[in-house]
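Analysis of the macromolecular model
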Amino acid sequence: MTKPLTIGDSILKSRLFLGTAGYPSPQALGESIEAARPGLITVSLRRESKAGKGQNFWNILKSFDVPILPNTAGCHTPEEAITTAEMAREVFETSRIKLEIIGDQYTIQPDPFGLVEATEALLKKGFEVYPYMTDDLVLAERLVDLGCKILMPWGAPIGSGRGLNNPYALKQLRERFPNITLVVDAGIGAPSHAAQVMEMGYDAVLLNTAVAKAGYPAEMARAFAQSIEAGRAAWLAGIIAPQENATPSTPLIDKPFWHQQ
């Protein structure tokens with residue numbers, strides 16, 4: 001029941017994937033990684049380079065024995081994303097890429113058309129593509145048909161902290177793709193949101209802002225790690241189905257003060 005999550009040729013130590021952007025200091029980032037002990041660390045090549053965080057940032061990440069998942073955050077076209085993915089493969093020496101293509105600047109909603117186009121091109125180039133997508137079932141089917149072994153549907157818009165906007169759609173994805181690794185990515189705001197994801201049978205949760213912008217990032221990272229373990233354990237244990245009416249937890253027979261009317 002405690003079988004670890006395996007992605008590609010990597011056996012991950014945790015089902016929490018942690019982003020690295022927006023922390024108040026390098027120290028806070030390092031302490032959060034230490035507290036969370038994530039299975040993967042995500043890094044944006046474009047944004048981190050632009051931010052000029054430099055060698056100190058990379059040294060922090062390298063000091064942890066955690067696989068790196070580069071992403072194409074900030075890209076608006078398939079061409080941008082493909083070029084960024086190729087650069088990331090050289091820098092991080094991995095063919096694993098979290099593919100993000102912005103379709104709407106206001107919600108930062110992924111572009112489904114560009115996502116399919118870039119996914120197809122990157123798979124042909126030998127990449128292991130992890131597409132960040134909406135919770136659209138038809139889009140998921142298309143990406144799986146192309147050869148994706150993992151999908152990353154959003155819970156809500158990035159950084160919103162809203163939790164799961166459409167639990168029904170996420171449940172449909174889980175039921176339709178029982179053999180595909182599913183990771184809810186974006187919109188998570190509280191540990192209870194992460195536990196809810198895992199209780200639905202998802203394989204992992206990816207989050208960033210909820211930890212980076214917390215009052216005490218390291219403590220929040222630890223709370224998320226605990227909630228994900230609890231949600232996974234509950235799913236494996238078998239959660240009872242909700243029902244309309246009450247069911248007594250204690251049987252009436254053999255009660256000491258039973259009176260026949």
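All right, on to the overall build of the protein chain then. Within the protein chain, the secondary structure is distributed over ten helices and twelve strands. Dimensions along the principal axes, computed over C-alpha positions, put the protein chain at roughly 80 × 40 × 35 Å. Here the protein chain holds 261 residues, and 49% of them are scored as buried. Excluding contacts between residues fewer than 6 apart, the proportion of contacts in the protein chain whose partners are at least 24 apart in sequence is 65%. As displayed, the protein chain has an accessible area near 13800 Å², and 53% of this comes from carbon and sulfur atoms. Seen as two clouds, the 24 positive and the 28 negative side-chain charges of the protein chain have centres 3 Å apart.

A few words on the pattern of salt bridges. Counted by the stated rule, this structure contains eight salt bridges. The salt bridge involving Glu 86 is made with Lys 125; its shortest N-O contact spans 3.1 Å. With Glu 86 in helix 4 (residues 78-92) and Lys 125 in the loop between helix 5 (112-124) and strand 9 (128-133), this residue pair connects regions lying 39 residues apart in the sequence. The class for Lys 125 is partly exposed, based on a relative accessible area of 41%. Measuring nitrogen to oxygen at the nearest pair gives 2.9 Å for the salt bridge that ties Glu 100 to Lys 98.

Looking now at the environment of Gly 161. Inspection of the secondary structure assignment puts Gly 161 in the loop between strand 10 (150-153) and helix 7 (167-176). Taking the C-alpha atoms as reference points, Gly 161 and His 193, 32 residues apart in sequence, are found 9.1 Å from one another. Excluding anything up to four places from it in sequence, Gly 161 contacts Gly 187, Ile 188, Gly 189 and His 193.

Moving on, we get to helix 6 (residues 137-146). All of the buried residues in helix 6 are Leu 139, Ala 140 and Leu 143. Looking straight down helix 6, one finds that the buried residues subtend no more than 100° of arc, so they occupy a single side. In helix 6, the exposed residues that point more than 90 degrees away from the buried face are Val 138 and Asp 145. Positive phi appears at Gly 147, one or two residues downstream of helix 6, with a value of about 125°.

Each regular strand carries side chains that alternate between the two faces of the sheet. Side chains of strand 3 (residues 16-19) alternate between two faces, with Leu 16 and Leu 18 and Phe 17 and Gly 19 buried alike. Examined bridge by bridge, strand 3 and strand 12 (residues 204-207) share three bridges and lie parallel to one another. Paired with Leu 16 across the bridge in strand 12 is Val 205. As judged from the three bridges shared by strand 3 and strand 4 (residues 40-44), these two strands associate in the parallel manner. Its bridge partner being in strand 4, Phe 17 is matched across the sheet by Leu 40. Crossover strand 3 to strand 4 through helix 1 (residues 26-36) is right-handed.

Of the two faces of strand 5 (residues 68-71), the one carrying Ile 68 and Pro 70 and the one carrying Leu 69 and Asn 71 are both buried. Across four bridges, the pairing between strand 4 and strand 5 is parallel. Opposite Val 43, over in strand 5, you have Pro 70 as the bridge partner.

With that settled, the discussion passes to the environment of Pro 112. Summarising the element assignment, Pro 112 is placed in helix 5. Classification of Pro 112 as partly exposed rests on a relative accessible area of 31%. As a C-alpha pair, Pro 112 and Val 43 span 69 residues in sequence and 22 Å in three-dimensional space.

What counts and what doesn't
- Residues numbered from 1 in each chain as written.
- Predicted model: local features only at pLDDT ≥ 70, side-chain atom pairs only at ≥ 80, totals over all residues.
- Heavy atoms only, no water.
- Helix = DSSP H or I, 4+ residues; strand = E, 2+ residues; numbered from the N terminus.
- Buried < 20%, exposed > 50% of the residue type's maximum accessible area, 1.4 Å probe, protein only.
- Contact = heavy atoms within 4.5 Å.
- Areas by Shrake-Rupley, 256 points an atom, 1.4 Å probe, with all protein chains shown as cover.
- Lys, Arg positive; Asp, Glu negative; His and termini not counted.
- Charge placed at Lys NZ, Arg CZ, Asp CG, Glu CD.
- Salt bridge = Lys/Arg side-chain N within 4 Å of Asp/Glu carboxyl O.
- Arc of directions from axis to C-beta.
- Pairing = 2+ DSSP bridges.
- Right-handed = clockwise from strand over helix to strand, strands pointing away.

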